[in-house]
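Commentary on secondary and tertiary structure
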Amino acid sequence: MLDRIFITFAIIFLSMLAILVVFGDFIQPHDPLLQNFRARDQGPSATYWLGTDDFGRDVFSRILEGSRLSMTIGLVAPLIAAIVGITMGTTAAYFGGWTERIVSRVTDMMMSFDPLLLGVLVVALLGPGIVNLSIAISFALIPSFIRLSRASALSVRQEGYVDAAIAMGRPSYSTILRHVLPNIAGPLVVMTTIWIGSAIRMEATLSFIGLGAQPPAPSWGNIVRYGVQNIFGSPLPALFAGLAITLTVLSFNILGDALRDRLDPDRTVR
Amino acid sequence: MNNPILTIHDLKVAFGPQTAPVDALRGVNLSVNRGECLGLVGESGSGKSLSALAAMRLLPSAARITGGSITFEGREMATMPRKELEGLRGNEISMIFQEPMTALNPVMRVGDQIAAPLRKHLGLSKKAARARAIEQLDSVGIPDPHRRIDNFPHEMSGGMRQRVMIAMALACEPKLLIADEPTTALDVTIQAQILDLLRAKQKELDLAIIIITHDFGVVAEIADRVNVMYGGRVVEEAGVGALFDNTQHPYSIGLLNATPTIEMEQQHRLPAIGGAVPHISDMPAGCSFHPRCPERRPECDRLVPQLETVAPHQRVACWARSTADEQAA
């Protein structure tokens, strides 16, 4: 029962977020970059719903604008990672032999770094910025996608219908696409959902340490970063941006868990 | 004998690393003629399934062909490039498997699975392939094919799934069908139906069939000729009548004796062949059957017997039956 309430909450929250991200331009009460020195560090009011920061910028508008960047990276990075990782993982499992050995060893190597550290490494190499941030985060997520898709594909590879498909003359790429992928889609969808939450968190973390979106452009991470520097002026920017991150990541995790319960044939739905 | 469609000559298959290979097939010789049904019998581990997989070039990635040749209609398959193989499989050579429960993709409609080889090999449009798939379902005796074509495999029984497999395998009217224990997973009445279906299809399409089984009942039912395999080699080759009436190889005799018959006394203890099939990494030298053989001779543990003709259309690899044993001893 409690599960259902959480799931409902997560779905409602994420739908709302989606609307805000898409129609943000029409909803924003103020220009997120407009500074107003007569209205610094204000508390919530009818004009400034969530107060203002130390430049007198509207916190609500900034969080809204920041959500676009955070959500874009949060969706794009796992998607890129999923496409690259699943391609490599299923190919390795399907062909076996040297292909698999090389892919597995490279995965092990990437896995031995913490994803965040890997992200920092890539940004350090490529320089900060939104595009590089997306690349860094997808790079950090690729090994987990390789590992999961390879493991799932290995078990499906043993199934009779894969041999049957080959025996009917189906080429390798088509066998992977039509017979292997549909049968391992469940766990991959679950993992992608959960990693979207993680990607948002990683974006926030990297932006927080100054490697992500550069000011004045707002992202949830850097709103927290500059909010913390001015926490005694006004705690509201850091608080609300942090809350947005927490709720979003939590919602994606709840959604991922719910999907797992429904898609995993080995788990009976309560 | 006169017009072989598939000939396997001295085929060797090994598992494991190049440096320490484990031989699983150790020189298999067999051939099947156009429109003929060849039975391949033997215990588990005798290499019968492996021979069939090798003939399709469907060996697991740990196994590889280390010698010999596989000739299909004059074309060498052992070294055939993958692209050419893909054009052959499902088109001229097809295969059906033991487990109809797992040989169909659970998340794909059966119609799409039957249509796939039609679209690939015959270049049919989606619509034409669907129409052909319905005809195919009808021809393998599935009632109401118009509705059944949109079924998923879980909506069908085991027997029906095996029929679907046969429909899929025969969709492009191949010349050779390899059936790897097609009835093992089915109950007896369904077994008989599937065998009837295979025989009907064999007549209709002038189809050559290699049927792999350990069930002599199946062999008697459908095969024209039989090859008995042991330890990765063919040890006896005979017409189906000769195999039952004039069994030569001690292993074949043992296998036949171990088959229960209806006339058998109730309290009768079923004879067994002593010992077990040796592991492929630990094959005895000479004739691999010699440690279990009741008719063992001194030369059996040193020299590998070759297939020798003992009667018209019957060949046996056994020193105890060899006409050349005087010279060899």
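For clarity, every value in this text was computed on a predicted model and none was experimentally measured.

It is worth spelling out the UniProt feature "domain: ABC transporter" (unreviewed entry) in chain B at this point. As annotated by UniProt and renumbered to match this structure, "domain: ABC transporter" (unreviewed entry) occupies residues 8-256 of chain B. Taken end to end, residues 8-256 of chain B has its terminal C-alpha atoms 26 Å apart, with 39% of it in helix and 26% in strand.

In this section: empty space enclosed by the protein. Residues and elements named next belong to chain B. On inspection of all chains with the given rule, the structure shows three cavities of 30 Å³ or more. Size it by volume and the largest cavity reaches roughly 70 Å³. For the largest cavity, the full set of lining residues is Tyr230, Arg233, Val235, Gly286, Cys287, Ser288, Phe289, Val304, Pro305 and Ala317. Taken together, the residues that form the lining of the largest cavity break down as seven nonpolar, two polar and one charged. What the second largest cavity holds in volume is close to 50 Å³.

Looking now at the packing of helix α3 (residues 110-122) of chain B against helix α4 (residues 126-139) of chain B. Helix-helix packing is characterised by the crossing angle of the two axes and by the distance between the axes. All names here are of chain B. Between α3 and α4, whose axes approach to 8 Å, the crossing angle comes to 120°. In this view, α3 runs oblique relative to α4, as classed from their interaxial angle. Of the two elements, α3 crosses α4, and the hand of that crossing is right-handed. Across from Gly111, Ile114, Ala115, Leu118, Arg119 and Leu122 in α3, the residues of α4 making contact are Lys126, Ala129, Arg132, Ala133, Gln136 and Leu137. Looking at the contact of α3 with α4 residue by residue, the class counts come to seven nonpolar, two polar and three charged.

To continue, consider the layout of surface pockets. Empty space within the largest pocket amounts to approximately 1200 Å³. Lining the largest pocket we find 36 residues, and of these A:Arg157, B:Leu58, B:Leu59, B:Pro60 and B:Ser61 sit closest to its centre. At four residues, the largest contribution of residues to the lining of the largest pocket is made by helix α3 (residues 97-111) of chain A. When the residues that make up the lining of the largest pocket are grouped by side-chain class, the tally is 15 nonpolar, nine polar and twelve charged.

Turning to the packing of helix α1 (residues 2-27) of chain A against helix α2 (residues 59-95) of chain A, a few remarks are in order. Residues and elements named next belong to chain A. Between α1 and α2, the shortest axis-to-axis distance is 9 Å and the interhelical angle comes to 130°. By the angle between their directions, the pair α1 and α2 is classed as oblique. Relative to α2, the crossing made by α1 is left-handed. Between α1 and α2, the residues in contact are Leu17, Leu20, Val21, Val22, Gly24, Asp25 and Ile27 and Leu64, Ser67, Arg68 and Met71, respectively.

Inspection of every chain in the model, using the stated rule, returns 23 salt bridges over all chains. Between A:Asp108 and A:Arg105 there is a salt bridge, and its shortest N-O distance comes to 3.3 Å. With A:Asp108 and A:Arg105 both in helix α3 and three residues apart, the pair spans about one turn of that helix. Salt-bridge contacts for B:Asp150 lead to B:Arg130; the nearest nitrogen and oxygen are separated by 3.1 Å. Taken together, the positions of B:Asp150 in the loop between α5 (145-148) and α6 (158-170) and B:Arg130 in helix α4 put the pair 20 residues apart, joining distant regions of the chain. Overall, the relative accessible area of 32% leaves B:Asp150 in the partly exposed class.

A few words now on the domain arrangement of chain B. All names here are of chain B. Split by domain assignment, chain B resolves into domain 1 (4-92 + 172-328) and domain 2 (100-171). Relative to domain 2, the C-alpha centre of domain 1 lies at a distance of 30 Å. Of the residues lining the interface, 20 residues belong to domain 1; the matching set on domain 2 comes to 17 residues. Carbon and sulfur atoms make up 69% of the surface buried where domain 1 meets domain 2, a total of about 1400 Å² over both sides. On the domain 1 side of the interface with domain 2, the three residues burying the most area are Cys172, Leu197 and Lys201, jointly 37% of the side's total. Inspection of the domain 1/domain 2 interface yields zero salt bridges. The biggest single contributor to the side of domain 1 that touches domain 2 is helix α7 (residues 188-205), with seven residues. Tallied by class, the residues present in the side of domain 1 that touches domain 2 amount to twelve nonpolar, four polar and four charged.

What follows covers the UniProt feature "transmembrane region" (unreviewed entry) in chain A. Residues and elements named next belong to chain A. Here the UniProt-annotated "transmembrane region" (unreviewed entry) positions come out as residues 6-27, 72-96, 116-142, 180-200 and 236-255. The span residues 72-96 is 96% helical and 0% strand by assignment, and the distance between its end C-alpha atoms comes to 35 Å. Helix makes up 100% of residues 236-255 and strand 0%, and the two end C-alpha atoms of the span are 28 Å apart.

Before going further, it helps to spend a moment on a nonpolar patch on the surface. Together, A:Leu75, A:Val76, A:Ile80, A:Ile83, A:Val84 and A:Met88 give the surface a local cluster of nonpolar side chains, amounting to about 460 Å² of exposed area. You can see A:Leu75 is positioned in helix α2.

This next bit is on the side chain of A:Asn230. Residues and elements named next belong to chain A. Looking at the element boundaries, Asn230 is found in the loop between α8 (220-229) and α9 (236-263). Exposure remark for Asn230: the relative accessible area of 17% places this residue in the buried category. If we ignore the near neighbours within four places in the chain, the residues touching Asn230 are Asp41 and Asp54.

About the criteria used
Residues numbered from 1 in each chain as written. Chains lettered and ligands numbered in written order. Predicted model: local features only at pLDDT ≥ 70, side-chain atom pairs only at ≥ 80, totals over all residues. Heavy atoms only, no water. UniProt positions renumbered as here; feature names shortened; annotations may be inferred. Helix = DSSP H or I, 4+ residues; strand = E, 2+ residues; numbered from the N terminus. 1 Å grid on protein atoms, 1.4 Å probe; cavity = no way out; pocket = protein on both sides within 12 Å on 5 of 7 lines; lining within 4 Å. Points joined across faces, edges and corners; volume = space filled by probe spheres on them. Nonpolar A, V, L, I, M, F, W, Y, C, P; charged D, E, K, R; others polar. Axes fitted to C-alpha atoms, helices over the stretch in contact; angles between N-to-C directions. Parallel < 35°, antiparallel > 145°, perpendicular 65-115°, else oblique. Left-handed = near helix turned anticlockwise from the far one by under 90°. Contact = heavy atoms within 4.5 Å. Salt bridge = Lys/Arg side-chain N within 4 Å of Asp/Glu carboxyl O. Buried < 20%, exposed > 50% of the residue type's maximum accessible area, 1.4 Å probe, protein only. Domains from an automatic or database assignment. Buried area = accessible area lost by both parts, 1.4 Å probe. Patch = residues over 30% accessible without salt bridge, like charges linked within 9 Å, V, L, I, M, F, W, Y side chains within 5 Å. Areas by Shrake-Rupley, 256 points an atom, 1.4 Å probe, with all protein chains shown as cover.

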